[in-house]
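Chain and residue survey
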Amino acid sequence: MTPARGELMVVETAEAFAEAGARLFADAAAAAQGRFVAGLAGGSTPKSIYRRLAEPPYRTSLRWDAMDLVLGDERFVAHDSPDSNLHMIRGALIDRLDHPVGGLHAVPFEGLTVDRAAAAYEQTLKALYGHQTLRPEQPFFDICFLGMGDDGHTASLLPGQSDLLDERQRWVLPVTKGRPESRVTLTYPVLESSRVVVFVVSGEGKRAMLDAILSGRDTTVPAARLQPQGRLIWLADRAAAGRWAS
Ligand SMILES: O=C(O)[C@H](O)[C@@H](O)[C@H](O)[C@H](O)COP(=O)(O)O
């Protein structure tokens, strides 16, 4: 079966999932001209991929010092909070590397409101990109990893929140409803400005939603609406892929 959108990669084991994600990251890094900008998803699914990247061969073969790592979204909490996506990424990847990465771009928190944090992060991204507006000939991301909730949300683009989903100017927005804590999320324009977007989806809990998206039955949930400029890859384990695994 062919997905309604994108390419489906189904892997059999947790190790194969981590390896496939790390390989996609490494291939994108190899294809990058000069600096390499990667978007990293939060949540739990991508942890194994980040840990795999901190192991050989990726640990030593990749030019970590020439990379800029950006968070697709963040919970508006202290950076050392166990709820922070930055905290998760540091634990799974950054702190396991021998050398610092070129740029690890955290969403600012201390002393800011969530609105000001979102505005500040947007300025960080624009400074990194070098332009105030996105250009088709210069995708922001070389690769962007995104997770997906069982309700079809991605990053902190949440179902039914049209102010977030319909935004086409701002690159970063505050999210103040729909989650226990406030969030900061990248919006579709910048997430879609990617040479490669990889949705990482695992577990039976995601099967129904992934099936609805891959079959084209649901085109309205946030994960289904994302139209990347480049490749769209669904990296799924067998439990999430269900009938698509055959
Ligand atoms: O901050 C977050 O939690 C993520 O950005 C969120 O979008 C996550 O990717 C999905 O909720 C999937 O989460 P799991 O990988 O934990 O299932």
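Up top is the structure these notes are about.
Residues numbered from 1 in each chain as written. Predicted model: local features only at pLDDT ≥ 70, side-chain atom pairs only at ≥ 80, totals over all residues. Heavy atoms only, no water.

What follows deals with the environment of Gly230. Mapping Gly230 onto the fold places it in the loop between α9 (222–225) and β10 (231–237). In sequence terms Gly230 and Ser194 are 36 residues apart; their C-alpha atoms lie 6.0 Å from each other. (Helix = DSSP H or I, 4+ residues; strand = E, 2+ residues; numbered from the N terminus.)

This part is about the pattern of salt bridges. Within the structure shown, the criterion is met by 18 salt bridges. Notably, a salt bridge pairs Arg52 with Glu55, separated by 3.3 Å at the nearest N-O pair. For Arg52, a relative accessible area of 17% corresponds to the buried category. Under the relative-accessibility criterion, Glu55 is labelled partly exposed at 37%. Note that Arg183 and Asp73 form a salt bridge whose closest N and O atoms lie 3.6 Å from each other. Residue Arg183 is located in strand β8 (residues 183–186), and its partner Asp73 is located in strand β4 (residues 73–75); the two are separated by 110 residues in the primary sequence. (Salt bridge = Lys/Arg side-chain N within 4 Å of Asp/Glu carboxyl O. Buried < 20%, exposed > 50% of the residue type's maximum accessible area, 1.4 Å probe, protein only.)

For residues other than glycine, phi is negative in most cases, and the peptide bonds are mostly trans. Cis rather than trans, the peptide bond between Pro56 and Pro57 has omega equal to 0°. Relative to the helices and strands, Pro57 is located in the loop between α2 (47–53) and α3 (58–61). Here the phi dihedral of Ala155 falls at roughly 50°; this positive angle occurs in a residue that is not glycine. Relative to the elements of secondary structure, Ala155 occurs in the loop between β6 (143–147) and α6 (162–165). Judged by its relative accessible area of 12%, Ala155 is buried.

The next point concerns the site of the ligand. Among the 14 residues in the neighbourhood of the ligand, the closest are listed as Ser44, Thr45, Asp73, His153 and Ala155. Contacts to the ligand include Ala155, whose backbone N or O atom sits 2.7 Å from an oxygen atom. Within the complex, 86% of the 410 Å² of free accessible area of the ligand lies under protein. When atom positions are compared with the pocket grids, the ligand is found to occupy the largest pocket. Residues that form the shell around the ligand fall into these classes: two nonpolar, eight polar and four charged. (Near = heavy atom within 4 Å. Polar contact = N/O pair within 3.5 Å; in protein donor to acceptor, adjacent residues only side chain to side chain. Areas by Shrake-Rupley, 256 points an atom, 1.4 Å probe, with all protein chains shown as cover. 1 Å grid on protein atoms, 1.4 Å probe; cavity = no way out; pocket = protein on both sides within 12 Å on 5 of 7 lines; lining within 4 Å. Sits in = over half its atoms within 2 Å of the grid points. Nonpolar A, V, L, I, M, F, W, Y, C, P; charged D, E, K, R; others polar.)

This part is about the packing of aromatic side chains. The geometry of two aromatic rings is summed up by the distance between their centres and the angle between their planes. One pass over the structure, following the stated rule, counts nine aromatic pairs. Judged by centre distance (5.2 Å) and plane angle (80°), the ring pair of Phe25 and Phe36 falls under edge-to-face. Taken together, the positions of Phe25 in helix α1 (residues 14–31) and Phe36 in strand β2 (residues 36–40) put the pair 11 residues apart, joining distant regions of the chain. Residues Phe25 and Phe36 agree in their burial class; the two are buried. Both rings, one in Phe25 and one in Phe145, keep their centres 6.4 Å apart while their planes meet at 25°; by these two values the pair is stacked. Placement of Phe25 in helix α1 and of Phe145 in strand β6 is noted, with a sequence separation of 120 residues between them. According to the relative accessible area criterion, Phe25 is buried, its value standing at 1%. Each member of the aromatic cluster is reached from another via a ring pair, and the members are Phe25, Phe36, Trp64 and Phe145. The aromatic ring of Trp171 is capped on one face by Lys126, whose charged end is 5.2 Å from the ring centroid. (Phe/Tyr/Trp six-rings, centres within 6.5 Å; stacked < 30°, edge-to-face > 60°. Lys NZ or Arg CZ within 6 Å of the ring centre and 35° of its normal.)

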